[in-house]
Amino acid sequence: MSASTSSSSSAAASRKRRSQVLRSLSQAQQVSALAFGSFLTVHIAAPALALLAPPGSSHDVATGTMLLGRVWYQNPASEPALVWGALTVHLLSGLARKAIIVLWEPPLAEDDDGDAALGKSGEASGSSTTSTERRKRKRRTLAQRVAALPSDWQTISGALLVPFTLHHAYLNRVVPARSSYPITNLSPSELDYTYVAHGFSHTLIPRAIVSTAAYTALIGLSVFHTCKGLQKMVRWRSLASKTQENSKAPAADELGPSSSVSSALSDSGSSEISKADSVIQRRLLRQRRNRQWDAAAGITTALICGGLLRLVRETDSTPAFLAKRYEACYTLVWPYSRI
């Protein structure tokens, strides 16, 4: 009896530790998302404002906005934290959380008692089935746990976004910082939207196609992933608020016997039809909110892509010495190096 109680308490402690670790990783993912989101909002404000700029001034508006934004996110103090640090924490905490869900399966509450009971009956009947084999019947296989991982649209968009984000950072931040000739460490004033427009060169149609596809995917996935993340945070805050309100509400027995009786009568009198209607209403409300967030993501994506297109069209010809340095950057990055 004492062994069974000890094993049961050990299983409960393991489940509690697992829950605490998952909660900590979720919080780290949310905080890092907010930090990186502050950078992303400032970063994409430039092309969005370019679409709304007066005729012929889109490049000046976007460049001015971008240079002001770099004061916030591209200095020795903020860039390691807001950009690289937040992105790294966000990715690693998400991967760690999924790895724990797959590899650290919580012990089942009935495993210990069930194994003990089965063990006694097995010994009585002379069965050779071991406790480990019986436990395997109850637990899912590794493949089943991987297949059961959450695969909502935010997770899918985040996975698709990773290679585009890393490629964008390498092309626009890492390579231009090289000191080798002819790049020679492009300064922030030289690394404006003229550099981006160089990737849409009209003389190289394949390069323009690649840049169009890459930026469309990057912007669309970024905005969609961000909107879905904000939607989750809003829903979690709402659920937490409701839980807190319910915990503060007085229990039925605290309100007196008459309240308990009336509550019981009210609960017993509720029909199955009303319950079904409530479920349908919640589902419709969730679908309507999903459509609203999806519409917001679509409008924002169109606004940013439209501003970027206008910037490319209104960019003046690049000086030869600067175009040579831009070209040296692009030729170091796949797939531009193959075009």
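Residues numbered from 1 in each chain as written. Predicted model: local features only at pLDDT ≥ 70, side-chain atom pairs only at ≥ 80, totals over all residues. Heavy atoms only, no water.

S.K.: Can you walk me through the side chain of S78 in this structure?
M.R.: Among the structural elements, S78 can be located in the loop between α2 (58–73) and α3 (79–103). Setting aside anything within four residues of it in sequence, one finds S78 in contact with W72, Y73 and V83. (Helix = DSSP H or I, 4+ residues; strand = E, 2+ residues; numbered from the N terminus. Contact = heavy atoms within 4.5 Å.)

S.K.: Got a minute to help me understand the side chain of D192 in this structure?
M.R.: In this fold, D192 is placed in the loop between α7 (153–174) and α8 (193–198). For the buried D192, no salt bridge is present, and the opposite-charge side chain at shortest range is R70, 7.5 Å distant. Setting aside chain neighbours within four positions, we find D192 in contact with H59, T63, M66 and Y326. (Buried < 20%, exposed > 50% of the residue type's maximum accessible area, 1.4 Å probe, protein only. Lys, Arg positive; Asp, Glu negative; His and termini not counted. Salt bridge = Lys/Arg side-chain N within 4 Å of Asp/Glu carboxyl O.)

S.K.: What is the right way to read the packing of α3 against α7 from this model?
M.R.: Helix-helix packing is characterised by the crossing angle of the two axes and by the distance between the axes. α7 packs onto α3 with a crossing angle of 150 degrees between their chain directions and a minimal axis gap of 13 Å. When the axis of α3 is compared with that of α7, the two are roughly antiparallel. Seen from above, α3 lies across α7 with left-handed handedness. For the pair α3 and α7, contact is made by E79, W84, L87, L91 and K98 and by T155, V162, T165, A169 and R173, respectively. Partitioned by chemical class, the residues of the contact of α3 with α7 number 5 nonpolar, 2 polar and 3 charged. (Axes fitted to C-alpha atoms, helices over the stretch in contact; angles between N-to-C directions. Parallel < 35°, antiparallel > 145°, perpendicular 65-115°, else oblique. Left-handed = near helix turned anticlockwise from the far one by under 90°. Nonpolar A, V, L, I, M, F, W, Y, C, P; charged D, E, K, R; others polar.)

S.K.: What's the story with the packing of aromatic side chains in this structure? I'm lost.
M.R.: We describe a pair of aromatic rings using the distance from one ring centre to the other and the angle between the two ring planes. Per the counting criterion, the structure on display carries 6 aromatic pairs. With a centroid separation of 4.8 Å and 75 degrees between ring planes, the pair formed by F39 and Y73 is classed as edge-to-face. Within this pair, whereas F39 is found in helix α1 (residues 2–52), its partner Y73 is found in helix α2, the two being separated by 34 residues in sequence. Of the residues examined, Y73 reaches a relative accessible area of 4% and is grouped as buried. One aromatic cluster is present, built from ring pairs that chain together Y195, Y326, Y330 and Y336. (Phe/Tyr/Trp six-rings, centres within 6.5 Å; stacked < 30°, edge-to-face > 60°.)

S.K.: I'm lost on the pattern of salt bridges in this one. Help?
M.R.: Side chains that differ in sign of charge can pair as their charged atoms come close. In total, this model carries 6 salt bridges according to the counting rule given. In this structure, K232 and D152 form a salt bridge, with 2.6 Å as the shortest nitrogen-oxygen distance. Taken together, the positions of K232 in helix α9 (residues 205–248) and D152 in the loop between α6 (142–147) and α7 put the pair 80 residues apart, joining distant regions of the chain. You can call K232 buried: its relative accessible area is 19%.

S.K.: Could you clarify how one ought to interpret a nonpolar patch on the surface in this entry?
M.R.: Nonpolar side chains collect at one region of the surface, where L49, L51 and L52 lie side by side and expose about 270 Å² of accessible area between them. The residue L49 is located in helix α1 in this model. Looking at L49, the relative accessible area reads 39%, which means it is partly exposed. (Patch = residues over 30% accessible without salt bridge, like charges linked within 9 Å, V, L, I, M, F, W, Y side chains within 5 Å. Areas by Shrake-Rupley, 256 points an atom, 1.4 Å probe, with all protein chains shown as cover.)

Distances and angles like these do not, on their own, reveal function.
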